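Fold and geometry: a report
The residues making up each chain are set out below.
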Amino acid sequence: MKPLFPVMFCVMLFAGCQKAEPPAPGVRPALVQKVIESDAGDRTVYPGEIRARHEADLAFRIGGKVVARLVDVGAIVRKGQVLAQLDPQDVVLAAQSATAQAAAAEADHAFAKAELERTRKLVDQKFVSQTVLEAKQASYDASRARLSQAQSQATVAANQAGYAKLVADQDGVITAVFVDAGQVVGAGQAVMKLARPDQKEVLINVPEHRVEVLRKPVKVLVSGWVRPEVLVAGRVREIAPAADATTRTFGVRISIPDPLPEMKLGTTANVLFAMDDARQPGYVLLPLTALTQYDGKPAVWVVDPTSSAVTIRTVQIGHYREDGVTVLSGLKKGEMVVVAGVHKISAGQRVRPIEPATGGRQP
């Protein structure tokens, strides 16, 4: 038996040194989306905010301390309604002083006029010389000028007293308030914002590579947040001539001729641009989470319907959107693409496809 022990020991040692084969990967669930090619041209959706076409910052024409703010954000105001008021004490005193100066100038002018008339009579009677008459005429002209100046200053002072009240110059809605009672403001400093709700539009931000497309005739549809299934017609009214310095996007204003009652100022809206051009190729809209890379190119994982194994496939990307990414080529209608956890999948791995309840969403 002793000669057999070394042989058995060597066999056991050799068996222990062999590397164990890794277990075959199991079937894992994977969220997939079925490829549905669009039957229309390119469609792009942008979120935006409903605003009034006409907005204005209201401000006092004079500086002073705010003693009353009579409206809040969201208040509906009428033309001529008082919105805020400054401390009127100083401007009232200035108006009274200007009025008194005008009265004094008027008295001086009346005296100069009487002196001129008496001097003319004396000149006719040869009691005084022509030089005296010319001096009285100059004094009269100067008093008349001083009276006109004092009256103008009194009018300006009276207007300044009226400027202590901030009055709405048109009907509208207060969309913002910047000051409160007790705050000292300067002349021209914005106090609140007044918007006219009769004409509404949507302000969206568009990346620079999409601006030129919107300059062409496009079909525009707008949906509100409350009832997104209801679409109303819109029109591109204005495209900003320069990009925003922070976001590097261009502001685009979409006018809404017939807005829904739910489309109130400040609410969220989605703007859909549809390029109805038959020459444009169809595309597939996928979530951004479906994209990965293969050899430095964009790629997706495609599920084999027979073996349920995944294979990687490079695709051609159209452009990135708020609701996903468009794929121009590389996929066929009916194929299933993994749309979640793509960085945890390896080639040839078997998966159990799970489609979302709503299926692949296409515009």
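Attention in this report is confined to the structure presented alongside it. Nothing here was measured: the structure is a model prediction, and the numbers come from that model.

1. Some details on the sheet that holds strand 8 (residues 184-185)
Taken in spatial order, the four strands of this open sheet run 6-5-3-8, and their pairing is antiparallel. Edge positions in the sheet fall to strand 6 (165-167) and strand 8, since each of these pairs with one other strand and no more. Relative to strand 5 (residues 82-86), strand 3 (residues 64-69) runs antiparallel, the two sharing three bridges. Considered in strand 5, the bridge of Arg69 is made with Ala84.

2. A closer look at unusual backbone geometry
Residue Arg248 is not a glycine yet carries a positive backbone phi of 60°. Examined against the element boundaries, Arg248 turns out to sit in the loop between strand 12 (235-239) and strand 13 (249-256). Backbone geometry places Ser308, a non-glycine residue, at a positive phi of 60°. Mapped onto the fold, Ser308 is located in the loop between strand 17 (297-303) and strand 18 (310-314).

3. Things to note about the environment of Ala240
As for its position among the elements, Ala240 is in the loop between strand 12 and strand 13. By relative accessible area, Ala240 is classed as buried at 18%. Not counting residues within four places of it along the chain, the set of residues in contact with Ala240 comprises Phe250 and Gly251.

4. Considerations on the pairing of strand 7 (residues 172-177)
Regular strands have side chains that alternate between both faces of the sheet. With two bridges connecting them, strand 4 (residues 76-77) and strand 7 associate as antiparallel partners. What sits directly across from Ile76, in strand 7, is Val173. Examined bridge by bridge, strand 7 and strand 9 (residues 190-207) share four bridges and lie antiparallel to one another. Considered in strand 9, the bridge of Ala176 is made with Lys193.

5. A word on the pairing of strand 18
Sheet topology note: the strand 17/strand 18 ladder contains five bridges and is antiparallel. Its bridge partner lying in strand 18, Val300 is registered against Arg313. Taken together, strand 17 and the strand that follows it, strand 18, pair antiparallel across an intervening segment of six residues, in which Ser308 is found at a positive phi of about 60°.

6. Overview of the nonpolar core
By size, the foremost hydrophobic cluster in this structure holds 20 residues, and its most contacted members are Val202, Ile204, Val222, Ile254, Val271 and Phe273. Here this core takes four residues from strand 13, the largest share from any one element. Counting residues in each nonpolar core, the second largest holds 19 residues, with Leu83, Ala84, Leu86 and Val185 among its members.

Rules and cut-offs
- Residues numbered from 1 in each chain as written.
- Predicted model: local features only at pLDDT ≥ 70, side-chain atom pairs only at ≥ 80, totals over all residues.
- Heavy atoms only, no water.
- Pairing = 2+ DSSP bridges.
- Helix = DSSP H or I, 4+ residues; strand = E, 2+ residues; numbered from the N terminus.
- Buried < 20%, exposed > 50% of the residue type's maximum accessible area, 1.4 Å probe, protein only.
- Contact = heavy atoms within 4.5 Å.
- Core = buried A, V, L, I, M, F, W, Y, C linked by side-chain atoms within 4.5 Å.

Everything listed here is a matter of geometry and, on its own, says nothing about what the molecule does.
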